[in-house]
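# Residue-level structural notes
Given next are the chains, with one letter for each unit.
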Amino acid sequence: MTLLEPARRVEGQTPAEQRPKLSIQSVSKRFRTARNQEVHALDRVSLDVNEGEFVCLVGPSGCGKSTLLNLIAGLDRPDAGAILADSNPVEGPGPDRMVMFQESALFPWLDVMDNVLFGLKCKRNLPKSARRDVAMHFLRLVGLEKFVHSSVHELSGGMKQRVALARALAPNPRVLLMDEPFAALDAMTREQLYGDLQAIWTARRKTIVFVTHNVREAVCLGDRVVLFSPHPGRIREQYRVDLPRPRDINDVALAEQATAITRALRAHAEAKEVA
Amino acid sequence: MRRAITATLFFVLLLALWEGLVRAGVWSKVLVPSPLKVLTYFQTSLADGTLLAASWVTLKRLLLGYLAGVVLGVPLGMACARWKSCQDTVGVLALGLQTLPSVCWAPLALLWFGQNEWAIFFITFMGSLWSISLAVEAGVRNVPPIYTRAARTMGSGGLHTWVFVMLPASLPFVVSGMKQGWAFAWRSLMSAEIYVTILTGLGLGHLLHYGRELHAMEQVIAIMLLIIGIGLAVDRTLFLPWERFMHKRWGLTG
């Protein structure tokens, strides 16, 4: 694990020949809560994500990591700053940036197959006959080929998230955005899905931005861990994780790195309290 | 099987009790006819075609009024859920008119349209429209926002989202609203037929009304039973398939 220096970060990630897949440039976002309190969710946050990189955004709740994900997805607009995907400004949601939510957000009126087909049907350039094959391919990839005709309510929480993963991957997005997708699952299922996700990522090298509040999860999955601090939401530190894959969440080396990051996280929180 | 036996036994006992009380002479035979007399009325009026003709007239009116209520009520409810200005205007109107028993439209309808099918249609339509609209509005409002967010990230938007996400997502509410609308339409039509004497066709409500005028209580009771029967049959054919589907997909019990 290496702590990335701010200076090195800027130079190292925007070489002229390799443009970043995602470029977040000095983005700010405020919104009002129900009680009319203003929350400064993001304060001039800048971040570049390279093609094929697995980046985890970590921080306590309220640090703006989910807000940033929604901005990248185009579901919300930033108050200031710009977000570029493949050098094009993000104007709204698009199938090049698929999102996986904490709840599966699967449609209960469709069966498993039709849920995966939904995103494919929104892609105009895909012929009808090919859709089913593509959907089947991804359902097989997540190990659910036997549940093609099941209803959503018949699936367990882990299976639902697998379907959601297949649904997000099927239209072949350039970037996969994951918003605490495993937070609501039990530990066993979660560990299985860490394995599956790593296998899929290793095979396909999809660019992934993964939001979590679980530092160990971030170290287990990410190439880079980006640490956020709240009020206002800012990037504090970035760490490169060089552990070999596939990684096991219970691995000792992994746990040590996670502890170091957690310590840094706590130090920031305490420094804030003193100030 | 056990439940079927229990149910049958219950209704046989009920009939026996009715017959027994009639034979014991508890009430005047003019007011409470025996079940056998009701059965005889069924037989003769089925044979001479009165019942079928009246049922046909009634069902036709019901379907017309109800369908018009659905055709207008579903988009109206969606519009109220979508636009605040629609909710503050038409939505409030719907809420108010929903509380008005639809037979209250009868005096107005008679003067506006005269003693004809239009008056009946209007009353039935007014009876079902508002409850359908309100149910659809509630249904769309209750669609979890995460569905639309997910759909938007997959490239769905505008009309596509309404047709393929909002409408199916609110299906449980829409179906229960349609069912409620159906019940209201059925009640409205019966009130209208009893209240509005028209010359363009004899419906079940009219038969009920004339039964009273002629002191033919077996006719009144027979028509009441038929009205119950039709209500149940429609529930089975029109709504049960939808409820089955929702039970299978959503895992809802209902």
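Keep in mind it's a predicted model, so treat the numbers as computed, not measured. (Residues numbered from 1 in each chain as written. Chains lettered and ligands numbered in written order. Predicted model: local features only at pLDDT ≥ 70, side-chain atom pairs only at ≥ 80, totals over all residues.)

### What about the overall build of chain A?
Within chain A, the secondary structure is distributed over 8 helices and 11 strands. The globule rule puts the C-alpha radius of gyration for 275 residues at 19 Å, and the 19 Å found for chain A is close to it. Expressed along its principal axes, the backbone C-alpha trace of chain A runs to roughly 60 × 50 × 40 Å. Counting across all 275 residues of chain A, residues that qualify as buried make up 40%. In chain A, once contacts between residues fewer than 6 apart in sequence are set aside, the share between residues at least 24 apart is 71%. (Helix = DSSP H or I, 4+ residues; strand = E, 2+ residues; numbered from the N terminus. Rg over C-alpha atoms; globule rule 2.2 N^0.38 Å. Buried ≥ 20, exposed ≤ 12 C-beta atoms within 10 Å, placed from the backbone. Contact = placed C-beta atoms within 7 Å.)

### Here we look at the sheet that holds strand 3 (residues 38–49) of chain A
All names here are of chain A. What the 4 strands build is an open sheet, ordered 3-2-5-6; its pairing is antiparallel. In this open sheet, the two strands that pair with only one neighbour each are strand 3 and strand 6 (88–89). Bridge count for strand 2 (residues 22–32) against strand 5 (residues 80–85) is 5 bridges, and the pairing is antiparallel. By the bridge assignment for strand 5, Q25 is matched with A82. (Pairing = 2+ DSSP bridges.)

### Structural notes on the nonpolar core
All names here are of chain A. Judged by nonpolar contacts, the single largest core of 78 residues is most densely connected at I72, A166, L177, V209, V225 and V226. In terms of residues, this core owes the most to one element, helix 5 (residues 157–169), which gives 6 residues. For this core, the domains that each give at least three residues are domain 1 (2–96 + 174–274) and domain 2 (107–172). Those residues in contact with A166 that lie beyond four places of it in its chain are V116, F138, L139, L141, V142 and L144. (Core = buried A, V, L, I, M, F, W, Y, C linked by C-beta atoms within 7 Å. Domains from an automatic or database assignment.)

### Some words on the sheet that holds strand 4 (residues 54–58) of chain A
Residues and elements named next belong to chain A. Spatially, 7 strands are ordered 1-11-10-4-9-8-7 in an open sheet, and the strand pairing comes out mixed. Edge positions in the open sheet fall to strand 1 (2–3) and strand 7 (97–100), since each of these has one partner strand only. As paired strands, strand 1 and strand 11 (residues 234–240) are joined by 2 bridges and run antiparallel to one another. In the strand pairing of strand 11, T2 is matched with R240.

### Structural notes on the confidence of the model for chain A
Looking at chain A as a whole, its pLDDT mean stands at 87, while 93% of the residues score no less than 70. This model gives residues 6–17 of chain A a pLDDT under 50, and the stretch forms 7 contacts once residues within four places in sequence are excluded. (pLDDT = per-residue confidence, 0-100.)

### Describing the interface of chain A and chain B
Counting from both sides, the interface comprises 21 residues of chain A and, opposite them, 16 residues of chain B. Put simply, the parts of the chain that give the side of chain A that touches chain B at least two residues each are strand 7 and helix 3 (112–121) of chain A. No other element matches strand 7 of chain A, which puts 3 residues into the side of chain A that touches chain B. Counted by class, the side of chain A that touches chain B contains 14 nonpolar, 4 polar and 3 charged residues. (Nonpolar A, V, L, I, M, F, W, Y, C, P; charged D, E, K, R; others polar.)

### Comments concerning the environment of M126(B)
Residue and element names in this part refer to chain B. Secondary-structure assignment places M126 in helix 6 (residues 117–141). Accessibility expressed as a C-beta count within 10 Å gives 25 for M126, which makes it buried. Along the primary structure M126 and G229 are separated by 103 residues, whereas in three dimensions their C-alpha atoms are 24 Å apart. Among all residues touching M126, those that are not within four sequence positions of it are S102 and W105.

### Notes on unusual backbone geometry
Working note: non-glycine residues mostly have negative phi, and peptide bonds are mostly trans. Residues and elements named next belong to chain A. Here the amide bond leading from H231 into P232 is cis, since omega sits at -5 degrees, within 30 degrees of zero. Looking at where P232 falls in the secondary structure, it is placed in the loop between strand 10 (224–229) and strand 11. Cis rather than trans, the peptide bond between R245 and P246 has omega equal to -5 degrees. With respect to the helices and strands, P246 occurs in the loop between strand 11 and helix 8 (252–274).

### Remarks on the environment of S176(B)
Residue and element names in this part refer to chain B. With respect to the element layout, S176 can be found in helix 9 (residues 171–195). A count of 18 C-beta atoms within 10 Å places S176 in the partly exposed class. Along the primary structure S176 and Y210 are separated by 34 residues, whereas in three dimensions their C-alpha atoms are 34 Å apart.

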